[in-house]
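A structural walkthrough
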Amino acid sequence: MRVVYLGTYDYDKPRNRLMIAALRAAGVEVRECCVDVWAGVADKSLIGGWARVTRLLRWLAAYPLLIVRYLGCPAHDAVVFGYLGHLDVLILGPFARLRRVAVVWDVFLSLPDTVVGDRKMISPRHPLAHLLRWGEGLACRRVDLALMDTRAQSRLLEDAYGLPLARSGHVFVGAELDRFPYLPPRPPPGPGQPLTVLFYGQFIALHGIETILRAAALDSERRVAWRLIGSGQEAARIQAMMEATPGLAIHWQRWVDYERLIEAVAAADVCLGIFGGSDKAGRVIANKVFQIAATGRPLVTRQSPAIGELFEPGLAGIRLIPPEDPAALLQAVLELGHSRESLPQDLRDRFSPAALGARLSALIARTLAAKADPPRQQRPDDEAHPIAKDGDKAQQKR
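In this convention, every chain numbers its residues from 1, walking through the sequence in written order. The predicted nature of this model means local features are confined to residues of pLDDT at least 70 and side-chain atom pairs, given and counted, to a pLDDT of 80 or more, with totals for whole chains, interfaces and linings taken over all residues. For the side-chain quantities, the full set of heavy atoms in the structure was used; hydrogens and water were omitted.

On to the overall build of the protein, then. Counting from the N terminus, the helices are DSSP H or I runs at least four residues long and the strands are E runs at least two residues long. A count of helices and strands for the protein gives 15 helices and twelve strands. As defined in this context, the radius of gyration uses C-alpha atoms, and a globule is described by 2.2 Å times the residue total to the power 0.38. Over its C-alpha trace the protein gives a radius of gyration of 22 Å, about what one expects of a compact globule, namely 21 Å for 398 residues. The proportion of buried residues among the 398 residues of the protein is 53%. Only heavy atoms matter for contacts: two residues are in contact if any of them lie within 4.5 Å across the pair. Residue pairs at least 24 apart in sequence account for 74% of intrachain contacts in the protein once pairs closer than 6 positions are excluded. The buried label applies to any residue whose accessible area, calculated with a 1.4 Å probe on protein chains only, is under 20% of its type's maximum; exposed applies above 50%, and partly exposed to all values in between.

Here you go:
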């Protein structure tokens with residue numbers, strides 16, 4: 001199988017690197033055709049003023065170059081548009097159609113769901129919200145396969161835009177296992193020493209950092225030393241909360257290089273996932289969760305439909321708690337930290353490059369087969385074509 005990974009996708013995001021590595025691990029020949037217009041931007045929502053205008057112009061100027069480069073690519077079976085690829089699909093997708101190849105889009109996150117529903121940056125009635133919904137729906141209907149990171153996320157696209165099951169799929173985010181090796185258990189803290197508990201990531205509503213602060217406020221005996229790494233949309237609000245609650249045993253570090261995150265994880269007794277109460281928080285498995293699981297460090301995160309896709313009930317080394325529940329968070333941290341449990345090492349096999357590549361390449365192969373032999377045009381017997389059958393059932397339910 002030969003694939004062109006096409007567009008203005010952000011190569012600094014682990015998702016894009018992981019998907020490309022997964023395809024190559026599965027033996028797929030991947031040719032990258034990319035203009036990285038997002039280099040150096042950790043959180044796109046924080047771009048403002050002239051920087052936003054400059055970045056937009058740079059983004060639009062990339063398309064003529066990408067069209068020329070893509071048309072010069074050797075023969076291939078499919079085009080994959082990486083995250084963030086909404087405009088890529090609409091502008092570059094027709095050229096892939098001209099070459100009669102399958103078009104796959106790693107949507108990864110829904111823009112209206114993120115901007116309107118989760119981060120609440122604009123009102124649902126704002127004209128831009130309507131434009132985002134219309135544009136995303138149009139892009140989803142222009143591809144042969146739309147991918148998300150969990151089954152719960154895939155259902156969002158299916159329900160929002162009427163996608164049949166045969167044209168949607170999901171592949172875990174995973175983790176770069178060479179950067180996050182399995183770690184030996186930490187020795188217990190000495191007498192009177194607190195547990196070290198780590199959260200890292202962008203400060204966005206989905207992460208529920210406010211819940212961490214409230215858990216720290218409940219810890220009047222200072223049994224836990226809380227460490228936060230990161231910044232983002234919620235940073236100013238978190239700063240105000242910390243200033244209004246003096247005496248918190250919290251150390252906040254605004255930035256750590258990606259290559260050095262493993263050092264922070266290794267120094268922690270317990271690591272934290274996400275605790276937000278939004279619908280999106282219940283549908284995703286954060287990148288940090290996979291990274292922590294790869295190291296084996298004990299993990300506390302919120303219970304959700306998505307998290308059940310990765311962790312079975314009763315697994316050692318993890319505690320799942322209700323969202324936005326600081327008391328439950330503090331109790332879980334203390335219990336897990338003193339139990340000295342670790343997550344099992346074989347968890348890594350569930351989201352290794354080989355596992356992700358096997359799933360992703362199978363989804364693309366299914367799409368290629370459906371394009372080569374359209375079920376309704378070739379045979380009336382749906383039993384011989386489970387792809388058509390599943391898609392028809394999904395449409396009947398709607």
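There is more to say, and it comes next.
With that out of the way, let us pick up the nonpolar core. Within this scheme, the nonpolar core is defined by two criteria: the residues are buried Ala, Val, Leu, Ile, Met, Phe, Trp, Tyr or Cys, and they are joined through side-chain atoms within 4.5 Å. Membership of the largest hydrophobic core comes to 69 residues, with the highest contact counts inside it found for Phe 311 and Phe 351. Setting aside chain neighbours within four positions, we find Phe 351 in contact with Gly 174, Ala 175, Leu 177, Phe 290, Ala 293, Ala 294, Leu 310 and Leu 356. Residues Leu 213, Val 224, Ile 238 and Val 333 belong to the second largest nonpolar core, which totals 31 residues.

It is worth spelling out the pattern of salt bridges at this point. Salt bridges are defined by distance alone: a side-chain nitrogen of Lys or Arg within 4 Å of a carboxyl oxygen of Asp or Glu. Per the counting criterion, the structure on display carries 20 salt bridges. For Lys 371, the salt bridge identified is with Asp 144, shortest N-O distance 3.8 Å. Placement of Lys 371 in helix H13 (residues 353-372) and of Asp 144 in the loop between helix H5 (127-141) and strand S5 (145-148) is noted, with a sequence separation of 227 residues between them. Of the residues examined, Asp 144 reaches a relative accessible area of 15% and is grouped as buried. Residues Arg 237 and Glu 210 are paired through a salt bridge, measuring 2.7 Å at the closest nitrogen-oxygen approach. In this pair, Arg 237 is assigned in helix H8 (residues 235-244) and Glu 210 in helix H7 (residues 209-218), connecting sequence segments 27 residues apart.

Attention now moves to the sheet that holds strand S1 (residues 2-7). Read from one edge of the open sheet, six strands run S2-S1-S3-S4-S5-S6, paired in parallel fashion. With one partner strand each, in any of the chains shown, strand S2 (29-34) and strand S6 (168-170) form the two edges of the open sheet. When strand polarity is set aside, the average angle formed by the axes of neighbouring strands in this sheet is 25 degrees. Paired strands, as defined in this entry, are two strands with at least two bridges between them according to DSSP. In this structure, S5 lies alongside S6, joined through three bridges in parallel fashion. Looking across to S6, one finds that Met 148 is bridged to His 170. Angles here are taken between N-to-C directions and fall from 0 to 180 degrees, while the axes themselves are lines fitted to C-alpha atoms, restricted in helices to the stretch in contact. Taken strand by strand, helix H3 (residues 86-98) contacts S1, strand S3 (78-81) and strand S4 (102-106), and its axis lies near 170 degrees from that of S3. In this fold H13 packs onto S3, S4, S5 and S6, with an angle of close to 160 degrees to the strand it touches most, S5.

Let us look at the packing of aromatic side chains. Between 30 and 60 degrees the pair is tilted, below 30 it is stacked and above 60 it is edge-to-face, where a pair is any two Phe, Tyr or Trp rings, Trp via its six-membered ring, whose centres lie within 6.5 Å. The tally for this structure, following the rule as stated, stands at seven aromatic pairs. Between Phe 180 and Tyr 258, the ring centres sit 5.9 Å apart and the planes meet at 70 degrees, which makes this aromatic pair edge-to-face. Of this pair, Phe 180 sits in the loop between S6 and strand S7 (195-200) while Tyr 258 is found in the loop between strand S9 (250-253) and helix H9 (261-266), placing the two residues 78 residues apart along the sequence. Relative to Phe 351, the ring of Phe 290 lies with its centre 5.2 Å away and its plane at 80 degrees, an arrangement referred to as edge-to-face. Taken as a pair, Phe 290 in helix H11 (residues 287-295) and Phe 351 in the loop between helix H12 (326-339) and H13 lie far apart in primary sequence, 61 residues in all. By the burial criterion, Phe 290 is buried, and Phe 351 matches it. In textbook terms, an aromatic cluster arises when at least three aromatic residues are bridged by ring pairs, as seen for Phe 172, Phe 290 and Phe 351. A ring is considered to have a charge above it if a Lys NZ or an Arg CZ atom is located within 6 Å of its centre and within 35 degrees of its normal. Over the ring of Tyr 70 we find Arg 99, and its NZ or CZ is 5.3 Å from the ring centre.

Next up on the list: the sheet that holds S7. Spatially, S9-S8-S7-S10-S11-S12 is the arrangement adopted by the six strands of the open sheet, whose pairing is parallel. Edge strands, defined here as strands with exactly one partner in the open sheet, are S9 and strand S12 (318-321). Across this sheet, the average inter-strand angle for adjacent strands is 20 degrees, counted without regard to direction. Judged from the two bridges that link them, S7 and strand S10 (residues 270-272) form a sheet pairing that is parallel. Directly across from Val 197, in S10, lies its bridge partner Val 270. The strands touched by H12 are S7, strand S8 (224-229), S10, strand S11 (299-302) and S12; relative to S12, the strand with the most contacts, the crossing angle is about 170 degrees.

With that settled, the discussion passes to helix H6 (residues 151-161). Those residues of H6 not exposed but buried are Ala 152, Gln 153, Ser 154, Leu 157, Glu 158 and Tyr 161. Positive backbone phi, approximately 70 degrees, marks Gly 162, located one or two places after H6.

What follows covers the packing of H7 against H12. Each pair of packed helices gets described by two things: the angle between the helix axes and the distance between those axes. Relative to each other, H7 and H12 sit at 70 degrees, their axes nearing to 8 Å. Of the possible angle classes, the one that applies to H7 and H12 is roughly perpendicular. The interaxial crossing formed by H7 with H12 has right-handed handedness. Contacts between H7 and H12 pair Thr 211, Ile 212, Arg 214, Ala 215 and Leu 218 from the former with Pro 326, Ala 327, Leu 329 and Leu 330 from the latter. A breakdown of the residues in the contact of H7 with H12 according to their chemical character gives seven nonpolar, one polar and one charged. The scheme is simple: roughly parallel for angles under 35 degrees, roughly antiparallel for over 145, roughly perpendicular for 65 to 115, oblique for anything else. By definition, any crossing whose near helix is turned counterclockwise from its far helix by less than a right angle is left-handed, and any crossing with a clockwise turn is right-handed. Each residue gets one label: Ala, Val, Leu, Ile, Met, Phe, Trp, Tyr, Cys and Pro are nonpolar, Asp, Glu, Lys and Arg are charged, and the others, such as Gly, are polar.

Here the focus is helix H4 (residues 111-118). A large share of H4 lies buried, amounting to seven of its eight residues. Looking at H4, one finds that the buried residues are Leu 111, Pro 112, Asp 113, Thr 114, Val 115, Val 116 and Asp 118. Polar contact is defined as a pair of N or O atoms within 3.5 Å, subject to the rule that within protein one atom must be able to donate a hydrogen and the other to accept it, and that residues adjacent in sequence are counted only when both atoms are side-chain atoms. Its side-chain oxygen 3.3 Å from the backbone nitrogen of Asp 113, Ser 110 forms the N-cap of H4. Just downstream of H4, Lys 120 is the residue with a positive phi angle, here 55 degrees.

Residues forming no salt bridge and having over 30% relative accessible area are the ones grouped into patches, like charges within 9 Å of each other and nonpolar side chains (Val, Leu, Ile, Met, Phe, Trp, Tyr) within 5 Å. Surface exposure here means Shrake-Rupley accessible area, sampled with a 1.4 Å probe, where a residue is shielded only by the protein chains that are shown. Taken together, the side chains of Leu 128, Leu 131 and Trp 134 present a nonpolar region at the surface, about 320 Å² in accessible area. Mapping Trp 134 onto the fold places it in helix H5. Classification of Trp 134 as exposed rests on a relative accessible area of 53%.

Structural measurements only, silent on function.
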